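# Structural overview for review
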Amino acid sequence: MKISLIAHDKKKDDLIQFVTAYRAILAEHSLYATGTTGQRVIDETGLSVTRFRSGPVGGDQQIGAMIANNDMDMVIFFRDPLTAQPHEPDVTALIRLCDVYQIPLATNMGTAEVLLKGLQEGFINWRLIGEQRN
C-alpha cells in the first residue's frame, strides 16, 4: 500500500511519535510525505520515504495528484486545527479528494491508529482488488 504522511508544524512531533510506535507496520508499505515531515520521518525512524515539496509550496497538491490518479491508498494527515494555515485551500482540496476517491484519511492520532490496525488486519485490502490498483 502507498501511504502519505503529512503534518502541520505543531503536529510533527506527534506524527514522529506515531510513526515510531507503528514503525513495523509502516515499514511494510511505501511511504510518501511532504518535505520537512518526510525528512524528519527518515531522520528519526530510518524508514524509507519518498519526499515531495513542503505542503505550502505544492506538496499537498502533489499528493492530491496521486490520489486523483488512484495511486495513493491512505493518507495520515495530522492537522493543526487551532492555527491558521496559509495553504488552507490546498488542505481542503486534499481532504475533498480523499472523499471523492474513497481514500482512507486520518487527521488525528486516534483515527490513524484505527486505520493502521485495520491495514494490519487486511481491512483495507479492497484497495488492491481488481481495477482499483495495478
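Before reading further, recall that the structure is shown in the block above.
In what follows, the accompanying structure is described. Not measured: the values here are computed from a predicted model. (Residues numbered from 1 in each chain as written. Predicted model: local features only at pLDDT ≥ 70, side-chain atom pairs only at ≥ 80, totals over all residues. Heavy atoms only, no water.)

Compared with the 18 Å implied by 1.5 Å per residue over 13 residues, the 18 Å span of helix 5 (residues 88-100) between its first and last C-alpha is a close match. When helix 5 is considered as a whole, its buried residues turn out to be Asp-90, Val-91, Leu-94 and Cys-98. The buried side chains of helix 5 occupy one side of the element, clustering within an arc of 105 degrees when seen end-on. Across from the buried face of helix 5, at angles greater than 90 degrees, the exposed residues are Pro-89, Asp-99 and Val-100. In this structure, the buried side of helix 5 is in contact with strand 1 (2-7), helix 4 (59-68), strand 4 (74-78) and strand 5 (105-106). Positive phi appears at Gln-102, one or two residues downstream of helix 5, with a value of about 60 degrees. (Helix = DSSP H or I, 4+ residues; strand = E, 2+ residues; numbered from the N terminus. Expected span 1.5 Å × (residues − 1). Buried < 20%, exposed > 50% of the residue type's maximum accessible area, 1.4 Å probe, protein only. Arc of directions from axis to C-beta. Contact = heavy atoms within 4.5 Å.)

With that out of the way, let us pick up unusual backbone geometry. Working note: non-glycine residues mostly have negative phi, and peptide bonds are mostly trans. A positive phi is found at Asn-70, a non-glycine position, where the angle reads about 55 degrees. Following the sequence through the fold, Asn-70 ends up in the loop between helix 4 and strand 4. The class for Asn-70 is partly exposed, based on a relative accessible area of 25%. With phi around 60 degrees, Gln-102 is a residue other than glycine that occupies positive phi space. With respect to the helices and strands, Gln-102 occurs in the loop between helix 5 and strand 5. Overall, Gln-102 belongs to the exposed group, its relative accessible area being 54%.

Our focus in this paragraph is the pairing of strand 4. Extensive coverage of strand 4 is indicated by the burial of five of its five residues. Where burial is concerned, the two faces of strand 4 agree: the one with Met-74, Ile-76 and Phe-78 and the one with Val-75 and Phe-77 are both buried. As paired elements, strand 1 and strand 4 share five bridges and run parallel to each other. Its bridge partner being in strand 4, Ala-7 is matched across the sheet by Phe-78. (Pairing = 2+ DSSP bridges.)

Counting 25 residues, the largest nonpolar core has Ile-3, Leu-5, Ile-76 and Leu-116 as the members making the most contacts within it. Among the secondary structure elements, those contributing two or more residues to this core are strand 1, helix 1 (12-21), helix 2 (23-26), strand 2 (30-33), strand 4 and helix 6 (109-121). In this structure Ile-76 touches Ile-3, Ser-4, Leu-5, Ile-6, Leu-15, Phe-18, Ala-106, Ala-112 and Leu-116, once residues within four positions along its chain are discounted. Counting 13 residues, the second-largest nonpolar core is a separate cluster that includes Tyr-32, Phe-52, Ile-67 and Ile-103. (Core = buried A, V, L, I, M, F, W, Y, C linked by side-chain atoms within 4.5 Å.)

Here we take up the sheet that holds strand 2. Pairing is parallel in the open sheet, where five strands are placed in the order 3-2-1-4-5. At either margin of the open sheet sits one strand with a lone partner, and together these are strand 3 (49-51) and strand 5. Contacts from helix 4 reach strand 1, strand 2 and strand 4 within the one sheet, and its direction differs from that of strand 1 by about 155 degrees. Across the sheet, helix 5 touches strand 1, strand 4 and strand 5, and the angle it forms with strand 4 is around 145 degrees. (Axes fitted to C-alpha atoms, helices over the stretch in contact; angles between N-to-C directions.)

Close approach of charged atoms allows side chains with opposite charge to pair. Here the structure, examined in full by the defined rule, presents four salt bridges. Note that Lys-2 is salt-bridged to Asp-71, the shortest N-O span being 2.6 Å. One end of the pair, Lys-2, is in strand 1; the other, Asp-71, is in the loop between helix 4 and strand 4, with 69 residues separating them in the sequence. On the basis of relative accessible area, Lys-2 is assigned to the buried category, the value being 17%. Classification of Asp-71 as partly exposed rests on a relative accessible area of 26%. Asp-13 serves as the salt-bridge partner of Arg-40, at 2.8 Å between the closest nitrogen and oxygen. (Salt bridge = Lys/Arg side-chain N within 4 Å of Asp/Glu carboxyl O.)

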